[in-house]
Every structure is written in C-alpha cells, then in structure tokens.
Amino acid sequence: MGSSCVVGLQWGDEAKGKIVDLLCDQHDVVVRYQGGANAGHTVVHEGVTYKLSLVPTGILRKGIDCVIGNGVVIHPPALLQEIDRLSAQGIDFGGRLHISDRAHVILPYHLAEERLTEESSSTADHLGTTLRGIGPCYRDKVGRVHGVRVIDLFHPAVFRDRLDRIINYKNRLLAAMLADFEPFDPRTVADEYLDDAETLRPFIRDTTAWLHQSLAHGKRLMFEGAQGSLLDIDHGSYPYVTSSNSSAAGIAAGSGVPTRHIDRWIGVVKAYTTRVGGGPFPTEQDNATGERIRRVGREYGTITGRPRRCGWFDAVAVRYSARVSGSTEIAIMLLDVLSGFDELKVAVAYEKNGQRIADLPASLADFDLCQPVYESLPGWSEDLTGVRHWSELPLNARNYVQFLAQQVGVPASIVSVGPDRRQTIMVAAGTRA
Ligand code: IMP
C-alpha cells in the first residue's frame, strides 16, 4: 500500500483525526492541504487528549513528518500558540513540521472583516463561520491584489511597503463600515508578523518539492482533509460552506501532488449527522432525539464550543460526497452513541413536491423543499464501547452498519466505538457489505 487520503463526507467533525492517527503506522508523512485554524481535531493518544487545529494529526507520532501545504491559510500567532501548546504536552517538532512558503497568511484585518460581514449580515445571510479569518483570507488570495503569502514575510522591506498600502486600503473600508473602528497600524502588524516569521523560519520550505522528493524516496503520504466534503466551496451546500475545497478535490491543488499517487481513498462519516453553523440539513432533529445525540456524542465544536446541530444519517448526502471525494471505503465513527435507541432512521432519498430525487439540489430554495424519505432500522441496547471485533457487535448494530454502506454504495472498512484508538473495529474485506 502507498499513499492514502482521509476525507470527511459530511459537514465536518467526523472524527477524521482518530482515523489519521490510527493509520499513521502505515504512512511516513501527513499532509494538510486546505482550510486553516477553523478545523479542530481532538485526538486521544496513549490516554492523553490533544487538540489540534492547523498542525497535522501525525505530529503526535514519533517519526512521522507533517506538511502544511500551499492550500492552507495560516494565522502565524495561532499556529505558534498551537506549537507551544503541543510542545508543552511533550510533542517534539524537531525537523518534522514543514510549512509551505506558498501558503497564504491570515492578517488581523481578515478577522475584523469577517466579524463585520457575520455580525452585520441579516439572519438570512449569516453563515455562522468560525470567525478565524478563513473566508476573507481566501478572498484576498483569489483577488490577488491583497494576498500575502508566507514567502513574503521573508522579504521584510517589500512586505512592509506592501502591507502599508494594503492596510491603508483596509482601514478606509473598515472605518466606513464600523462605528467604533480602531485603525490597524501597519508598522505594529509588520513587526509582529516578521517576528513570528523568524520563529517559524526553520519550518518553512517549498513543500511541493519536498513532497515529490519524499515520493521519489518511497515515502507513503496521507492527505488529511479538514472540514467535510459537504462544506466544499464548489461541491458543498453553497453558500453555507467553507472557502476551500474540503473534499478530496482539493488535494492536488492544495499540495502540488497529483492524486494518481493515492491508492487508498477513505471517507469518514459519523453514524448520524451533525452540522455547525447555518445551512440546509434535511435530517436535522431539532427535538429530543437531536438533544440526546448531542448529549451522548458530546457534540460541541472543538474550536468554537458551539452546540452542533444533530440528526439522522443522510445517505443521500453521503452518497453524493463519497462520489465527489472518490471514496472506495468508509470509516463509520461514533456508532456507540446510538446505543439505546429503539429505532434508527436513515434518509435514503429526498422527496420534493411529491417527486423522489436522488441527488443534492444546487439551489438552497430547492434544498428547503426536500423532505427526507426515511427507512427505519431496529436499534440495540448494548453498550458498544468495549467491542473490539465485528462478530461481537450486536446483530442490529451490524445490520445498521451494512445498511449505511449499501445505501452509500461504498463498503465500511472501519467502525469506531469510542475515542481511544483501541476502540476500533477493522471490518475484514469478506464481511463488508
Ligand atoms: P469558516 O470555515 O470559518 O469560513 O466557516 C464556514 C462554515 O464551515 C461554517 O458553517 C462553519 O461552522 C463550518 N466549519 C468550518 N470549519 C469546520 C470544522 O472544522 N468542522 C465543522 N464545521 C466547520
């Protein structure tokens, strides 16, 4: 086996970090290719809980190299805080973290711009973002005139000069929109960022060249998606999406590595569905069922602490995202959370104006008209957290997993029944649906 990708197939928070951590043994390098500090992974490794945001999960494993690719957006103060926090927990970065010189940089005005658009927009336009400056930074990247890349921080005179012009422009714009706006001082911002750049210097390189060299030396890469495929800027529930290609579609652009190098395409799903922020969610249970899933699954955002919206598994949405992300196997996470329900529902189709539709609609108005068509399956009462083998799972739990896999059209290769790496069931190829 060579390289792999691990990508979420729902609206993020599918517990991808655990799968990446689990598969580290079979890889040499873990690569982040999109997003930024909007992502949050909680990984329990050898009994210790680590919270990761920008740093790839592989950093928890000795001997694994980690890459923050060109498609990621980096807020240097947040990254340094994360490095400090992980170092204080005993994680050794020694030569293992590689940050792209082409990645774009989040500046303080991006955070102000996002607060402005999120706080001043009407409820209907409010996206419910993580307020980490992700959208405004990607906007400047695509707009080009105001984009700042990591490499720019290593040309101080040019950077200072450019930042002066950018901040002058942003200050005028923000002052016109915000009553109590404190203008940014270009010199203070430049000083802070140039200082941070010096601390980060040992990690910065041309990561695309580095990755190609690694491949040439037979290293196995694992691409770690952040957010989920349904939040993809092109293929997700636009505009309620993030600003990057969070499906597997982003891998080549965000790392410079063609996807022909990938052998294993793993899609990660929860055994139910969650979503943070606004946007369509046909199987949402804004009732006691949703509350129970939230309570048992501890469904609160890793980064923002916001309660996640919870609902039944949506096979229509996952079938779609598995296709977009090219998944050939799925990992089903948090199955243990569903213990104790008499009945479990799975959306197998949508109905719009009395007609069955099999694909996700492009328009939000159409999405709102979609009613899920459910199939019900009997639940199980047993606690699953101690189960380690497929044959030990209650029959109804096995049937549930097989049903999800059949509906998505992709076999289930891994089932997770708790946060610890030991709480994992590998499904032998012969038993997969
Ligand atoms: P942004 O990525 O901060 O611009 O937020 C855009 C949308 O993506 C919002 O609905 C966020 O809640 C959602 N989002 C961003 N990152 C994550 C994540 O890591 N998990 C789940 N949702 C996320």
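Coordinates for the structure precede this section.
A short tour of the structure in this document, coming up. (Residues numbered from 1 in each chain as written. Predicted model: local features only at pLDDT ≥ 70, side-chain atom pairs only at ≥ 80, totals over all residues. Heavy atoms only, no water.)

Notes on the packing of aromatic side chains
Summed over the entire model, instances satisfying the criterion amount to six aromatic pairs. Note on Trp11 and Phe281: the rings are 5.6 Å apart at their centroids and 50° apart in plane angle, and the pair reads as tilted. Taken as a pair, Trp11 in the loop between strand S1 (3-8) and helix H1 (16-23) and Phe281 in the loop between strand S12 (273-275) and helix H9 (288-296) lie far apart in primary sequence, 270 residues in all. Owing to a relative accessible area of 3%, Trp11 belongs among the buried residues under this scheme. Pairing Trp380 with Tyr400 gives two aromatic rings, centres 5.9 Å apart and planes at 55°, and the pair type is tilted. Separated by 20 residues along the polypeptide, Trp380 in the loop between strand S18 (371-378) and helix H12 (395-408) and Tyr400 in helix H12 bring together distant segments of the chain. The exposure class assigned to Tyr400 is buried, which follows from its relative accessible area of 0%. Looking at Arg292, its charged tip hangs above the ring of Phe341, at a distance of 4.1 Å from the centre. (Phe/Tyr/Trp six-rings, centres within 6.5 Å; stacked < 30°, edge-to-face > 60°. Helix = DSSP H or I, 4+ residues; strand = E, 2+ residues; numbered from the N terminus. Buried < 20%, exposed > 50% of the residue type's maximum accessible area, 1.4 Å probe, protein only. Lys NZ or Arg CZ within 6 Å of the ring centre and 35° of its normal.)

Digging into the site of the ligand
In the region of the ligand, 17 residues are neighbours, and Asp13, Asn38, Thr130, Thr242 and Arg306 sit closest. Gly128 has a polar backbone atom sitting 3.4 Å from an oxygen atom of the ligand. The separation between an oxygen atom of the ligand and a polar side-chain atom of Arg306 is 3.0 Å. Burial of the ligand by the protein amounts to 96% of the accessible area it has alone, namely 470 Å². A per-class count over the shell around the ligand returns six nonpolar, nine polar and two charged. (Near = heavy atom within 4 Å. Polar contact = N/O pair within 3.5 Å; in protein donor to acceptor, adjacent residues only side chain to side chain. Areas by Shrake-Rupley, 256 points an atom, 1.4 Å probe, with all protein chains shown as cover. Nonpolar A, V, L, I, M, F, W, Y, C, P; charged D, E, K, R; others polar.)

Details of unusual backbone geometry
Cis peptide bonds are those with omega within 30 degrees of zero, and the linkage from Tyr238 to Pro239 qualifies with 5°. One can find Pro239 in the loop between strand S10 (221-228) and helix H8 (251-255). Phi is positive for Gln227, which is not a glycine, with a value near 60°. Relative to the elements of secondary structure, Gln227 occurs in strand S10.

Comments concerning the environment of Asp21
Tracing the sequence through the fold places Asp21 in helix H1. Sequence spacing of Asp21 and Pro56 is 35 residues, and the spatial spacing of their C-alpha atoms is 9.7 Å. Once residues within four sequence positions are removed from consideration, Asp21 is found in contact with Val43, Val44, His45, Thr57, Arg61 and Arg421. (Contact = heavy atoms within 4.5 Å.)

Description of the environment of Arg292
Take Arg292: it is sitting in helix H9. Residue Arg292 is classed as partly exposed on the basis of its relative accessible area of 26%. Counting along the chain gives 111 residues from Arg292 to Phe403, while the straight-line C-alpha distance between them is 22 Å. Non-local contacts of Arg292, meaning those with residues more than four positions away in its chain, are made with Ser339, Gly340 and Phe341.

Considerations on the nonpolar core
Leu335 and Tyr400 are the most contacted members of the largest nonpolar core, which has 101 residues in total. Sorting elements by how many residues they give to this core places H12 first, with seven residues. Summarising the domain contributions, this core has at least three residues from each of domain 1 (3-93 + 207-426) and domain 2 (104-202). Other than its neighbours up to four places away in sequence, Leu335 contacts Ala271, Trp380, Leu384, Leu393, Ala397, Tyr400, Val401, Val415, Ser416 and Val417. With 16 residues, the next largest nonpolar core counts Val29, Val31, Phe223 and Ile251 among its residues. (Core = buried A, V, L, I, M, F, W, Y, C linked by side-chain atoms within 4.5 Å. Domains from an automatic or database assignment.)

A word on helix H5 (residues 156-177)
Between the first and last C-alpha of H5 there are 30 Å, a value that for 22 residues agrees with the 32 Å anticipated at 1.5 Å per step. All buried positions along H5 are accounted for by Phe159, Leu163, Ile166, Ile167, Lys170, Asn171 and Leu174. An end-on view of H5 places all buried positions within 150° of arc, on one side of the element. Structural note: H5 exposes Ala157, Val158, Arg165, Arg172 and Ala176 on the side pointing more than 90 degrees away from its buried face. (Expected span 1.5 Å × (residues − 1). Arc of directions from axis to C-beta.)

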